[in-house]
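Single-letter residue listing:
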Amino acid sequence: MSLVLGLLSHTLSRVLRYSGLRRGCHAPRSQTMEQDKALEVYDIIRTIRDPEKPNTLEELEVVTESCVEVQEIGEDEYLVIIRFTPTVPHCSLATLIGLCLRIKLQRCLPFRHKLEIYISEGTHSTEEDINKQINDKERVAAAMENPNLREIVEQCVMEPD
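Here the structure is a predicted model, which is why all the values come from computation and not from measurement.

Definitions and limits used
- Residues numbered from 1 in each chain as written.
- Predicted model: local features only at pLDDT ≥ 70, side-chain atom pairs only at ≥ 80, totals over all residues.
- Heavy atoms only, no water.
- 1 Å grid on protein atoms, 1.4 Å probe; cavity = no way out; pocket = protein on both sides within 12 Å on 5 of 7 lines; lining within 4 Å.
- Points joined across faces, edges and corners; volume = space filled by probe spheres on them.
- Helix = DSSP H or I, 4+ residues; strand = E, 2+ residues; numbered from the N terminus.
- Nonpolar A, V, L, I, M, F, W, Y, C, P; charged D, E, K, R; others polar.
- Core = buried A, V, L, I, M, F, W, Y, C linked by side-chain atoms within 4.5 Å.
- Buried < 20%, exposed > 50% of the residue type's maximum accessible area, 1.4 Å probe, protein only.
- Contact = heavy atoms within 4.5 Å.
- Phe/Tyr/Trp six-rings, centres within 6.5 Å; stacked < 30°, edge-to-face > 60°.
- Salt bridge = Lys/Arg side-chain N within 4 Å of Asp/Glu carboxyl O.

Draft legend 1. Focus on the layout of surface pockets. Counted as a void, the second largest pocket has a volume near 160 Å³. As for the second largest pocket, its lining consists of Arg-102, Gln-106, Lys-114, Leu-115, Glu-116, Tyr-118, Asn-135, Asp-136 and Lys-137. Where the lining of the second largest pocket is concerned, the elements lending two or more residues are helix H3 (94-108) and strand S3 (112-119). Among the elements that take part in the lining of the second largest pocket, S3 stands out by supplying four residues, more than any other. Taken together, the residues that form the lining of the second largest pocket break down as two nonpolar, two polar and five charged.

Draft legend 2. Structural context of the nonpolar core. Membership of the largest hydrophobic core comes to 39 residues, with the highest contact counts inside it found for Val-41, Ile-45, Val-68, Ile-82, Phe-84 and Leu-101. Elements supplying a minimum of two residues to this core: helix H2 (29-45), strand S1 (68-74), strand S2 (77-84), H3, S3, helix H4 (127-134), helix H5 (137-145) and helix H6 (147-157). Ranked by residue count, the leading element in this core is H3, at eight residues. Beyond its immediate stretch of four places on either side in the chain, Ile-82 contacts Val-41, Ile-45, Cys-67, Val-68, Leu-101, Leu-105, Leu-115, Glu-116, Ile-117 and Tyr-118.

Draft legend 3. The environment of Leu-115, seen in detail. Tracing the backbone shows Leu-115 in strand S3. For the pair formed by Leu-115 and Leu-79, sequence separation is 36 residues and the distance between their alpha carbons is 6.0 Å. With near-sequence residues (within four places) excluded, Leu-115 lies in contact with Val-80, Ile-82, Arg-102, Leu-105 and Asn-135.

Draft legend 4. A look at the packing of aromatic side chains. Applying the stated rule across the entire model yields one aromatic pair. Look at Tyr-78 and Phe-111: their rings are 5.3 Å apart centre to centre, the planes differ by 75 degrees, and that puts the pair in the edge-to-face class. Here Tyr-78, found in strand S2, pairs with Phe-111, found in the loop between H3 and S3; they are 33 residues apart in sequence, far enough to count as distant. For Tyr-78, a relative accessible area of 3% translates into the label buried.

Draft legend 5. Molecular detail of the pattern of salt bridges. Overall, the coordinates contain eight salt bridges when judged by the stated rule. Across the salt bridge formed by Arg-112 and Glu-77, the nearest N and O atoms sit 3.4 Å from each other. Placement of the pair is Arg-112 in strand S3 and Glu-77 in strand S2, with a sequence separation of 35 residues. The residue Glu-154 makes a salt bridge to Arg-107 at a minimum N-O spacing of 2.5 Å. With Glu-154 in helix H6 and Arg-107 in helix H3, this pair connects stretches of sequence that are 47 residues apart. Residue classification places Arg-107 among the partly exposed positions, given a relative accessible area of 48%.

Listed below in structure tokens is the structure:
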């Protein structure tokens, strides 16, 4: 039942956004494009599975539509900012969730982008350290060289059947 309600809510929010009934219907073209890109990003990350639980990040409200921001930074290039909220302030898997977000977006985003991923301010006890880790290319590459970690990430980012 909750899955049906989630899908219904997601569909309704898209209809309202595209119809212009939400956030004003006369938004400037670039703002509308940025909102469309943000929805596209959200559609990619919402199905990522939690490393510990059998739920998606969307179902656990770790990611929501409002946690995605897209800004045009050049011709056909965008800055994508994700602010996710761990389920508890001491979540030991927050770094792994950030890694899953980064890997899935690097693989799936169909447009040129710069990616910044952060833990929502005040929602984790070590947010500064984790933010540094998940936005450091060398640390991300090193993490993905670990076969055990890579297997967990692959399971989390795999698309549901």
